[in-house]
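The residues making up each chain are set out below.
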Amino acid sequence: MATVGKVIKCKAAVAWEAGKPLVIEEVEVAPPQKMEVRIKILYTSLCHTDVYFWEAKSQDSVFPRILGHEAAGVVESVGEGVTEVAPGDHVLPVFTGECGDCAHCKSAESNMCSLLRINTERAVMINDQKSRFSINGKPVYHFLGTSTFSEYTVLHVGCLAKINPQAPLDKVCVLSCGISTGLGATLNVAKPFKGSSVAVFGLGAVGLGAAEGARLAGASRVIGVDLNPARFEEAKKFGVTEFVNPKDYNKPVQEVIAEMTDGGVDRSVECTGNINAMISAFECVHDGWGVAVLVGVPHKEAVFKTHPVNFLNERTLKGTFFGNYKPRSDLPSVVEMYMNKELEVDKFITHTVPFAEINKAFELMLKGEGLRCVIRME
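Calculation criteria
- Residues numbered from 1 in each chain as written.
- Predicted model: local features only at pLDDT ≥ 70, side-chain atom pairs only at ≥ 80, totals over all residues.
- Heavy atoms only, no water.
- Axes fitted to C-alpha atoms, helices over the stretch in contact; angles between N-to-C directions.
- Helix = DSSP H or I, 4+ residues; strand = E, 2+ residues; numbered from the N terminus.
- Parallel < 35°, antiparallel > 145°, perpendicular 65-115°, else oblique.
- Contact = heavy atoms within 4.5 Å.
- Disulfide = S-S within 2.5 Å.
- Pairing = 2+ DSSP bridges.
- Phe/Tyr/Trp six-rings, centres within 6.5 Å; stacked < 30°, edge-to-face > 60°.
- Lys NZ or Arg CZ within 6 Å of the ring centre and 35° of its normal.
- Salt bridge = Lys/Arg side-chain N within 4 Å of Asp/Glu carboxyl O.
- Buried < 20%, exposed > 50% of the residue type's maximum accessible area, 1.4 Å probe, protein only.
- Polar contact = N/O pair within 3.5 Å; in protein donor to acceptor, adjacent residues only side chain to side chain.

(A) The packing of helix H4 (residues 178-190) against helix H10 (residues 327-339), seen in detail. Put simply, H4 and H10 touch, their axes get as near as 12 Å, and they point 95° apart. Here H4 lies roughly perpendicular to H10, going by the angle between them. Taken together, the residues of H10 that come into contact with H4 (itself represented by Ser180, Leu183 and Leu187) are Leu331, Val334 and Met337.

(B) Fine view of the state of the cysteines. A complete count under the given rule lists 0 disulfides for this structure. Cysteine Cys47 remains unbridged, with the sulfur of Cys177 as its closest cysteine sulfur at 3.9 Å.

(C) Expanded view of the sheet that holds strand E11 (residues 221-225). Reading across the sheet, the 6 strands line up as E12-E11-E10-E13-E14-E15 and stay open at both edges, with parallel pairing between neighbours. In the strand order of this sheet, the two ends are held by strand E12 (242-244) and strand E15 (316-319), each with one partner. Recorded for the sheet is a direction-independent mean angle of 20° between the axes of neighbouring strands. Together, strand E10 (197-201), E11 and strand E13 (267-270) form the strand contacts of helix H5 (residues 205-217), whose direction differs from that of E10 by roughly 170°.

(D) Structural context of the packing of aromatic side chains. A complete count under the given rule lists 11 aromatic pairs for this structure. A connected cluster of aromatic rings, assembled from ring pairs, spans Phe95, Phe321, Phe322 and Tyr325. It is Lys347 that lies over the ring of Phe238; its NZ or CZ is 4.8 Å from the centre.

(E) The arrangement of the pattern of salt bridges in detail. One pass over the structure, following the stated rule, counts 20 salt bridges. Arg231 is paired through a salt bridge with Asp226; the nearest N and O atoms lie 3.2 Å apart. For Arg231, a relative accessible area of 31% gives the class partly exposed. Glu344 is the salt-bridge partner of Lys347, the closest N and O atoms lying 2.6 Å from each other. Since its relative accessible area comes to 14%, Lys347 is described here as buried. When salt bridges that share partners are traced, they join Glu212, Arg215, Glu344 and Lys347 into one network.

(F) Inspection of the side chain of Gln254 at higher detail. Mapped onto the elements, Gln254 comes out in helix H7 (residues 253-260). The buried category is assigned to Gln254, whose relative accessible area is 13%. For Gln254, the side chain forms a polar contact with the side chain of Ser280, separated by 2.8 Å.

(G) Representation of the environment of Val75 within the structure. Locating Val75 in the fold gives a position in strand E4 (residues 70-78). With 11 residues separating them along the chain, Val75 and Ala86 place their C-alpha atoms 6.5 Å apart. With near-sequence residues (within four places) excluded, Val75 lies in contact with Val37, Arg38, Ile39, Val85, Ala86, Pro87, Gly88, Asp89 and Val91.

(H) Main features of the sheet that holds strand E2 (residues 23-29). In space, the 4 strands of this open sheet follow the order E1-E2-E6-E7, with antiparallel pairing throughout. Two strands lie at the open edges of the sheet, namely strand E1 (8-14) and strand E7 (138-140), each paired on one side alone. Strand-to-strand twist in this sheet, taken as the mean axis angle between neighbours without regard to direction, amounts to 50°. With 3 bridges connecting them, strand E6 (residues 133-135) and E7 associate as antiparallel partners. Opposite Phe133, over in E7, you have Val140 as the bridge partner.

The analysis is restricted to geometry; functional conclusions fall outside its scope.
Here it is as structure tokens:
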């Protein structure tokens, strides 16, 4: 290709400062270096994590920055040493990686790669600690090693999942973060058995991914817990059978669920990051066999408090990162679940906007409207 080894000029949505609308700019994207891949992004979607770091209210964020991490694209060129993908391959960029060499990658039980696991503070490439993006010679920083709000971006090869070229990229782009996180939390970690009861705390895109996992596993009761009753109708499409709004009761929600289920649910998945919801999710599972899985990211000062007897009574508490999926090894099979019509992805996509209107996607998320807004790059 004519662009191989050369700087590409393209459009990117740049966050210049916290909370201010993104600006579509012409950026220069350098060629990929050792173990790096440059890809053309065709579709990207907005995840709450992008908004969180764009707002930069409770953590440091680096600006100017190109946000974005849920996406799908095509490989344009590869750097030295890259053999896993080739130009023309269809790929999903992922905010965490799989180097294949560290202890985590070699363990069948972990997906937390020592080299490439999520690092919200790193704003440059690992290879040379520099950015591949610039405007007029000045660096524009990376985000989560992906920066998908750009027509072209550069990633470490370990942060790319090569997928079925027949898969529609405008749909499967949403599988590279939130939905897979919820889905895997249920299927890979909670592992509900056929006919079991599952409580899902938080009915956003991640929680509905968890509910979708419960539906696929054959759960007979899926109880959705959310403070926003407007989400209940939508959640029925994802297999949620009953709803509990904690605000409707004058006792802890775990007691409400225990009464509904004759002692507690078989499995629970917490997708809010609220510490009280985490405690409720653990305390609402049945003694003897109940398993609770924490997915949400809590406030850094949050402390989990429960009576140790809850553990002695044979309840299990687990955590998960990205649904225990190894990005390169496992994500292609999640795409195949969609291709085989097992996993229903289309219902997660509630809005679509052209790249020029990317700020509309932020407005929708800030208002809490819809689940996923897909941004068309072309």
